[in-house]
Amino acid sequence: MTALPTGEDDPATPCPFRPATEPANRGVAVLLRMSTLFLRTLREDPADAEVPSHKLLARGGYVRRVAPGVHSWLPLGKLVLENVASVIREEMSRIGGQEVLLPALVSREYYEASGRWTEYGDSVFRVADRKGAEYLLGPTHEELFTQLVKGEYSSYKDFPVILYQVQEKFRDEARPRAGILRGREFHMKDAYSFDIDDEGLRRSYELHRDAYVRMFDRLGLRYVIVSAMSGAMGGSASEEFLAETPTGEDTFVRSTGSDYAANVEAVRTPAPPARPIEGLPEAQAHHTPETPTIETLVDFLNDAGLGRTFTAADTLKNVLVKIRQPGEDEWEIVGIGVPGDRDVDMKRLEAAMEPAEVALLEDEDFEAHPFLVKGYVGPNALLRNKLRYLADPRVVEGTRWATGADQADHHVVDLVCGRDFVPDGVIDVADVRDGDPSPEDEGTLYTARGIEIGHVFQLGRKYTDAFELDALGPDGKPKRITMGSYGIGVSRVVAAIVEQSHDDKGIVWPRVVAPADVHVIGTGKGDQVEVALRVAGELEALGIRVLVDDRRNVSPGVKFTDAELLGVPTSVIVGKGLDQGVLEVRDRASGEREEIALDGAVERVAAIVRGD
RNA sequence: CGGGGAGUAGCGCAGCUUGGUUAGCGCGCAUGCUUUGGGAGCAUGAGGCCGCGGGUUCGAAUCCCGCCUCCCCGACCA
């Protein structure tokens, strides 16, 4: 007698109200049968796939591309996606988050009120209804959440509150790529905290940060937490969770000496100690014809017989930029001094100047300021002409530099900081290199790559100001609410897991997110498939999620290869050993094999699934 | 938006330089027989707007012009 493969009438089937910490599809009592599953695996990589997650998710029949940056999730993919979302939901519940679902289609007025209708620019999808009224497809939902809370809550006693949703988000990315990793439509968990004061916001932020740590730990991801600069969302404290993978789009730095990790934008260069000025030679200007670049200057100085050797690091490169504060028309010219062996990192510069706009000087700017001699700019031309001059942290008192003498074809050597010039301030925007000293320990920095999978963010009052979200305090006076926002790219997490957990044969799912706990394979010319279905049904009855390969006329090699590609953590093979009453259990991650007796096999497999 | 590549069957590709029968190969799919522990064999078969539009020519997947789309590398983001 073969057990009912669906387990539908089996009283042992767990009830659908699953306990926390279980994958979403545990106990749903739907046996996944390969013979009928809507699944087609591909033998070859899709031509447009570049990164492992894209190749494997496509080949494994988890997703299919529909349009650039737009994908469909097929049955197995949907299960994985839901399992990831399920872990996230559980941890959100644990910190008191309440799930809601807001529309993705949002009318223009909300984003006008916050200023993001224009701020977001081209990266948001805009649509119009038949009457011409404008909408956008939500890229994130600070506006609607703020408005939602404003409509319901009005007393300090109502706060704090944490609301979140798991929803498709839309961004018209300039360049979608890497399959699921960076789509134009993607699944995101976005959470928002509302607090009565800064102290509350800090607490809510910590709650989310801790929840994220638990989520990503449970999801089996290797990740780092780096401090991030606030982007278009405006605000202060902010950290990013980056899943470490060579294919990641975000560069960050790590230290050889500790767990220190930071965004390139956030790296702080340690300043060397100041040195005594006494005894240093006088600054001397030299005629240095045709030396507009650092390289030509260094070569010239070394051939000039000055009695010492210069390197690019002994020169001071002065880069001129102009910045414009938001809402202003006027540009301010600012000089930035960095050691000549380094360039100004535009990303770091933009982050440092935020929210001001930054641009390099154009020819007409030089024409408008004749004292700026292109290629020969020194600190003093700027300082004398009341332009701000900001210097790299390495430019400390007592350091001496070869730099521009503010007239064509002339440089000055031994220009001493603190004696011959005093910068208006410090700016840390030079490029960061492998081997630079770590700011927090004895080690040196090196760059690594990661995928941003989560972001926690103390937003502050940008949106509550825009929508005038107040609560009446105990003193009867209105108090402006302060917000945090916390995102996780749910679909991106799926891809990040694959990036971190695969081999040359296919995906290796962590059990929490796997589409099934056990892949039962029936192969052979006898009644292996029948037995496989029976074993699968019995496992299912124990609440174990099973994928069973009950396809007939499919050779064993195909089934094994598919199983490895699909990546279910444990396989049970009902094959040639069946005549001797023996099944084989394989571990996808380690490749270990174990023979077990058919008698008691279900219990043994169940024990393995539960962690021995 | 700047730079590079590609559009031919569901998927992966050849054919194009040098125009010429019915556009081909592998995988997949269908039917039958055989096969069943590592992507099976044989046989038969279905499946094409050769990206779109125009042009040259007796004749265009192939040559010319225009357009569209997609992918990859750089500036933005979960």
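The rules behind the values
- Residues numbered from 1 in each chain as written.
- Chains lettered and ligands numbered in written order.
- Predicted model: local features only at pLDDT ≥ 70, side-chain atom pairs only at ≥ 80, totals over all residues.
- Heavy atoms only, no water.
- Helix = DSSP H or I, 4+ residues; strand = E, 2+ residues; numbered from the N terminus.
- Contact = heavy atoms within 4.5 Å.
- Areas by Shrake-Rupley, 256 points an atom, 1.4 Å probe, with all protein chains shown as cover.
- Lys, Arg positive; Asp, Glu negative; His and termini not counted.
- Charge placed at Lys NZ, Arg CZ, Asp CG, Glu CD.
- Pairing = 2+ DSSP bridges.
- Axes fitted to C-alpha atoms, helices over the stretch in contact; angles between N-to-C directions.
- Buried < 20%, exposed > 50% of the residue type's maximum accessible area, 1.4 Å probe, protein only.
- Polar contact = N/O pair within 3.5 Å; in protein donor to acceptor, adjacent residues only side chain to side chain.
- Domains from an automatic or database assignment.
- Parallel < 35°, antiparallel > 145°, perpendicular 65-115°, else oblique.
- Left-handed = near helix turned anticlockwise from the far one by under 90°.
- Near = heavy atom within 4 Å.
- Nonpolar A, V, L, I, M, F, W, Y, C, P; charged D, E, K, R; others polar.
- Phe/Tyr/Trp six-rings, centres within 6.5 Å; stacked < 30°, edge-to-face > 60°.
- Lys NZ or Arg CZ within 6 Å of the ring centre and 35° of its normal.

**Details of the overall build of chain A**
- In terms of helices and strands, chain A carries 15 helices and 32 strands.
- Its C-alpha atoms give chain A principal-axis dimensions of roughly 100 × 65 × 45 Å.
- Contacts in chain A between residues at least 24 apart in sequence constitute 70% of all its contacts with a sequence separation of at least 6.
- Total accessible area computed for chain A in this model is approximately 28,000 Å², and 49% of it derives from carbon and sulfur atoms.
- Across chain A, the centroid of the 71 positively charged side chains sits 4 Å from that of the 103 negatively charged ones.

**Regarding the sheet that holds strand β1 (residues 32–33)**
- Across the sheet, which stays open at both edges, the six strands sit in the order β1-β29-β28-β30-β31-β32 with mixed pairing between neighbours. The two strands at the open ends of the sheet, each matched to only one other strand, are β1 and β32 (593–597).
- In this sheet, strand β29 (residues 546–549) lies alongside β1 in parallel orientation, the contact comprising two bridges. Within the sheet, the bridge partner assigned to Leu32 lies in β29 and is Leu547.
- Relative to strand β28 (residues 518–522), helix α13 (residues 528–541) is tilted by about 160°, and along the sheet it contacts β1, β28, β29, β30 (570–574) and β31 (582–587).

**Description of the side chain of Asp392**
- Take Asp392: it is sitting in the loop between β18 (388–391) and β19 (400–404).
- Under the relative-accessibility criterion, Asp392 is labelled buried at 0%.
- For Asp392, the side chain forms a polar contact with the side chain of Arg394, separated by 2.7 Å.
- Look past the residues within four positions of Asp392 in its chain and what remains in contact with it is Gly337, Val338, Pro339, Val426, Ile427 and Ala430.

**Remarks on the domain arrangement of chain A**
- If you check the domain split of chain A, you get domain 1 (80–100 + 138–267 + 446–497), domain 2 (284–426) and domain 3 (516–609).
- Computed over C-alpha atoms only, the centres of domain 1 and domain 2 are separated by 39 Å.

**Overview of the packing of α13 against helix α15 (residues 601–609)**
- One can describe the packing of α13 onto α15 by two numbers: an axis separation of 10 Å at closest approach and a directional angle of 50°. Comparing the axis directions of α13 and α15 gives the class oblique. Handedness of the α13/α15 crossing: right-handed. Contact residues: α13 offers Val535, Glu538 and Leu539, while α15 offers Val602, Val605 and Ala606.

**Let's talk about the sheet that holds strand β5 (residues 105–107)**
- With antiparallel pairing, the three strands of this open sheet are ordered in space as β5-β7-β6. Two strands bound the open sheet, and with one partner strand each, they are β5 and β6 (125–128). Looking at each pair of strands side by side, their axes are set apart by 35° on average, direction ignored.
- Across three bridges, the pairing between β5 and strand β7 (residues 134–137) is antiparallel. Bridge pairing in β7 links Val106 to Leu136.

**Section: the protein's contact with RNA strand B**
- Taken together, 51 residues are adjacent to RNA strand B, and Arg43, Arg171, Ser555, Glu564 and Arg586 come closest.
- Contacts to RNA strand B include Glu44, whose side-chain N or O atom sits 3.3 Å from a base nitrogen.
- Side-chain polar atom of Arg65 to a sugar or linking oxygen of RNA strand B: 3.3 Å apart, as the coordinates give it.
- Those elements that provide at least two residues to the surface near RNA strand B are β9 (185–195), α8 (346–353), β22 (445–460), β25 (482–489), α14 (556–566) and β31.
- The element contributing the most residues to the surface near RNA strand B is α14, with seven residues.
- In the surface near RNA strand B, the residues fall into 17 nonpolar, ten polar and 24 charged.

**Re the packing of aromatic side chains**
- Under the defined criterion, the tally for this structure stands at nine aromatic pairs.
- Taken together, Tyr212, Phe216, Tyr223 and Phe241 form an aromatic cluster joined through their ring pairs.
- Lying over the aromatic face of Phe560, Arg586 brings its terminal NZ or CZ to 4.6 Å of the ring centre.

**Digging into the pairing of β25**
- Burial runs high along β25: eight of the eight residues are buried.
- In β25, alternate side chains face the same way, and those of Thr482, Gly484, Tyr486 and Ile488 on one face and Met483, Ser485, Gly487 and Gly489 on the other are all buried.
- Across eight bridges, the pairing between β9 and β25 is antiparallel. Residue pairing across strands places Tyr192 opposite Ser485, the latter belonging to β25.
- With six bridges connecting them, β22 and β25 associate as antiparallel partners. The residue of β25 that forms the bridge with Gly460 is Met483.

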